[in-house]
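Each chain is listed here by its residues.
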Amino acid sequence: MMRKKIITYLLLSVILVCFGGCTRNEMPVKQSTSKTKLDHLIIKEVFYVGHYWYRDVRAWGMKNQNQMYNDDQYIAIFNPTNEVKYLDGLALCVNAIDPSRAIQFAPKDDFVNRYYGASGISYFPGKGADYPVKPGQTIIVAKYAIDHKARFESELEGEDLSMYGGLDDFLDLSKADFEWTNINYDPGQKNNPNVPDMCAILTSTDASDNIGSSYDFSRVSESNGIALIKLPWTPEEFKKNYAETKDSKGYLHYITVTSSAHGDFYAIEVPFENVIDCITICPRRMFQMRPSKLDRGYNAVTDVSFSSMKKGDYPIYSGLSLQRKWDGKKYVDDNNTTADFEVKRASLSRKK
């Protein structure tokens, strides 16, 4: 009898050790195999760095200066399942934490292990089944669904285009499926009226009927977290209940930061169970902290930020994107951006 108890105890100990060894921040370490089947939409690619360009002014005794154009950003969403999925009720959001900056929270304000804290959310239109994503289909969501080369050149009307280099690589995204900018409140004025727009989670109208947006998904920076989520509430519910009151906690929280180098900020509470997929982007030498326990890694096209990079190095990274790895049978999804993504030439690059 005693021997049986000892054996049982040892087995339980081994199980507990194994379980503890595969858990970090309360999340089990996911390790997929070639037989693992994905049951949800995934973020397949993120193109955010844009393309370099320059104006040749050497004939005037000046030095050429490389610049970056990144209005041709896009995100690719893929359906790896065997059933039709729908974008209706889904949204893209950006995390409120910059992973290249280490911050200390006030007690009870550290949300990293409690919910996905978003600083901006834009949702797909639709009433339930208006925007299907078929098995094996890729949806392109662009910042601006336009031919960026043609648009840029049109803004140079009257100038000698032969003096400009790099423009031939600007993407043609005119066939994208969605834009995350919205024509009703697009500050860049580049929105394509023929392509469906995503909508900011909160809008308001002034006395002149001008629409303004708040907490929207506006751009992909070189250091942030991005998630595809199922909205926990309707936009109408969010507008009515997002603010904290004496009687309600609300969905938008004021986050107090105690580290002196960084200021307080707001974060929208998105329950972890509403996060379908996420990715953490951060220059590889600058990573400081995880924005969410849902992602065990990070990745980027660059090692350092563009602000600290020599402009002569811009062409090295121009046109590169983060793309989900393919293991020969399926796309890898281990909840680890470091292992799940690799740097490759943007899939929508112009053919040469």
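**Focus: the overall build of the protein chain**
Then, number 1: Scanning the protein chain from N- to C-terminus turns up five helices and 22 strands.
Then, number 2: Across the 352 residues of the protein chain, 47% fall into the buried class.
Then, number 3: Pairs at least 24 apart in sequence give 71% of the contacts found in the protein chain among residues at least 6 apart.
Then, number 4: Entry remark: accessible area of the protein chain is about 18,600 Å², with carbon and sulfur atoms responsible for 50%.

**Structural notes on the pattern of salt bridges**
Then, number 1: Taken as a whole and judged by the stated rule, the model has 16 salt bridges.
Then, number 2: One salt-bridge network, held together by shared partners, links Asp277, Arg324, Asp333 and Asp340.

**Describing unusual backbone geometry**
Then, number 1: At Gln189, a residue that is not glycine, the phi angle is positive and equals roughly 55 degrees.
Then, number 2: Positive phi, normally seen in glycine, also occurs at Asn335, with a value near 55 degrees.
Then, number 3: One can find Asn335 in the loop between strand 21 (320-324) and helix 5 (337-340).

**Concerning the side chain of Asn95**
Then, number 1: Inspection of the secondary structure puts Asn95 in strand 8 (residues 90-95).
Then, number 2: The class of Asn95 is buried, set by a relative accessible area of 3%.
Then, number 3: At a separation of 3.4 Å, a polar atom in the side chain of Asn95 contacts the main-chain carbonyl oxygen of Pro291.
Then, number 4: Leave out the neighbours within four places in its chain, and Asn95 touches Phe111, Tyr116, Gly117, Ala118, Ser119, Gly225, Pro291 and Ser292.

**A short note on the sheet that holds strand 12 (residues 164-165)**
Then, number 1: Taken together, the three strands give an open sheet; going across it, the order is 5-4-12, and neighbouring strands pair in antiparallel fashion. Pairing within the sheet leaves two strands with one partner each, and these edge strands are strand 5 (67-69) and strand 12.
Then, number 2: Pairing geometry for strand 4 (residues 51-55) and strand 12, over two bridges, is antiparallel. Residue pairing in the sheet places Tyr54 in a bridge with Gly165 of strand 12.

**Details of the sheet that holds strand 6 (residues 74-78)**
Then, number 1: The strand order 13-11-6-3-21-22 describes an open sheet built from six strands, whose pairing is mixed. One side of each edge strand has no neighbouring strand; the edge strands of this open sheet are strand 13 (178-179) and strand 22 (341-345).
Then, number 2: Here strand 6 runs beside strand 11 (residues 138-142); their pairing, made up of five bridges, is antiparallel. The residue of strand 11 that forms the bridge with Ile77 is Ile139.

**Looking at the packing of aromatic side chains**
Then, number 1: Counting across every chain of the model gives 24 aromatic pairs.
Then, number 2: For the ring pair Tyr254 and Tyr266, a centre distance of 5.3 Å and an interplane angle of 75 degrees mean the geometry is edge-to-face. One end of the pair, Tyr254, is in strand 18 (residues 252-255); the other, Tyr266, is in strand 19 (residues 265-270), and 12 residues separate them in sequence.
Then, number 3: Note on Tyr254: relative accessible area 41%, which makes it partly exposed.

**A short note on empty space enclosed by the protein**
Then, number 1: Counted according to the given criterion, the structure contains two cavities of 30 Å³ or more.
Then, number 2: Estimates place the volume of the largest cavity at around 50 Å³.
Then, number 3: Around the largest cavity, the lining residues are Asp277, Cys278, Leu294, Asp295, Arg324, Asp333, Asn335, Asn336, Thr337, Asp340 and Phe341.
Then, number 4: Those elements giving two or more residues to the lining of the largest cavity turn out to be strand 20 (275-281) and helix 5.
Then, number 5: Across the lining of the largest cavity, the residue classes tally to three nonpolar, three polar and five charged.

**Brief notes about the side chain of Ser292**
Then, number 1: With respect to the element layout, Ser292 can be found in the loop between strand 20 and helix 4 (314-317).
Then, number 2: Here the side chain of Ser292 touches Leu294 through a polar contact of 3.1 Å, landing on its backbone nitrogen.
Then, number 3: In contact with Ser292, other than residues within four places in its own chain, are Asn95, Val112, Tyr116 and Phe272.

**As for the pairing of strand 17 (residues 224-230)**
Then, number 1: Where burial is concerned, most of strand 17 is hidden: six out of the seven residues are buried.
Then, number 2: Here five bridges tie strand 8 to strand 17, and the two strands are oriented antiparallel to one another. Bridging from a neighbouring strand, Cys93 pairs with Ala227 of strand 17.
Then, number 3: Here strand 17 pairs with strand 20 via six bridges, running antiparallel. Across the sheet, residue Asn224 finds its bridge partner in strand 20, namely Ile281.

**With respect to the environment of Asp277**
Then, number 1: Along the chain, the position of Asp277 falls in strand 20.
Then, number 2: The class for Asp277 is buried, based on a relative accessible area of 5%.
Then, number 3: Once the C-alpha coordinates of Asp277 and Asp295 are considered, the two residues, 18 residues apart in sequence, prove to be 9.3 Å apart.
Then, number 4: Excluding residues within four positions of it along the chain, Asp277 makes contact with Leu41, Ile42, Ile43, Ile226, Ala227, Leu228, Arg324 and Asp333.

About the cut-offs
- Each residue is numbered by its place in its chain's sequence as written, counting from 1.
- Per-residue local features of the predicted model are confined to residues with pLDDT of at least 70, and side-chain atom pairs are confined, for both listing and counting, to 80 or more; whole-chain, interface and lining totals are unaffected and use all residues.
- Hydrogen atoms and water are omitted, and side-chain values are computed over all heavy atoms in the structure.
- In DSSP terms, a helix is any run of H or I states spanning at least four residues, a strand is any run of E spanning at least two, and both are numbered starting from the N terminus.
- Note on exposure labels: buried denotes an accessible area under 20% of the residue type's maximum, exposed denotes more than 50%, and partly exposed covers the range between, all computed with a 1.4 Å probe on protein chains only.
- Contact between two residues is taken to exist if any of their heavy atoms lie within 4.5 Å; hydrogens are not considered.
- Accessibility throughout is a Shrake-Rupley quantity obtained with a 1.4 Å probe, and a residue counts as covered only by protein chains that appear here.
- What makes a salt bridge here is a side-chain nitrogen of Lys or Arg within 4 Å of a carboxyl oxygen of Asp or Glu, nothing more.
- Polar contact is the term for a pair of N or O atoms within 3.5 Å; when the atoms are in protein, one must be able to donate a hydrogen and the other to accept it, and sequence-neighboring residues count only if both atoms are side-chain atoms.
- At least two bridges found by DSSP between two strands is the condition for calling them paired.
- By convention, a stacked pair of Phe, Tyr or Trp rings (six-membered ring in the case of Trp) has centres within 6.5 Å and planes under 30 degrees apart, an edge-to-face pair has planes over 60 apart, and any other such pair is tilted.
- Points on a 1 Å grid over protein atoms alone make up a cavity when a 1.4 Å probe fits among them but cannot get out, and a pocket when they form an open set with protein on both sides within 12 Å along at least five of seven lines; lining residues each have an atom within 4 Å of a point.
- Grid points are joined across faces, edges and corners, and a volume is the space filled by probe spheres set on the points.
- Residues were grouped as follows: Ala, Val, Leu, Ile, Met, Phe, Trp, Tyr, Cys and Pro as nonpolar; Asp, Glu, Lys and Arg as charged; and all remaining residues, including Gly, as polar.

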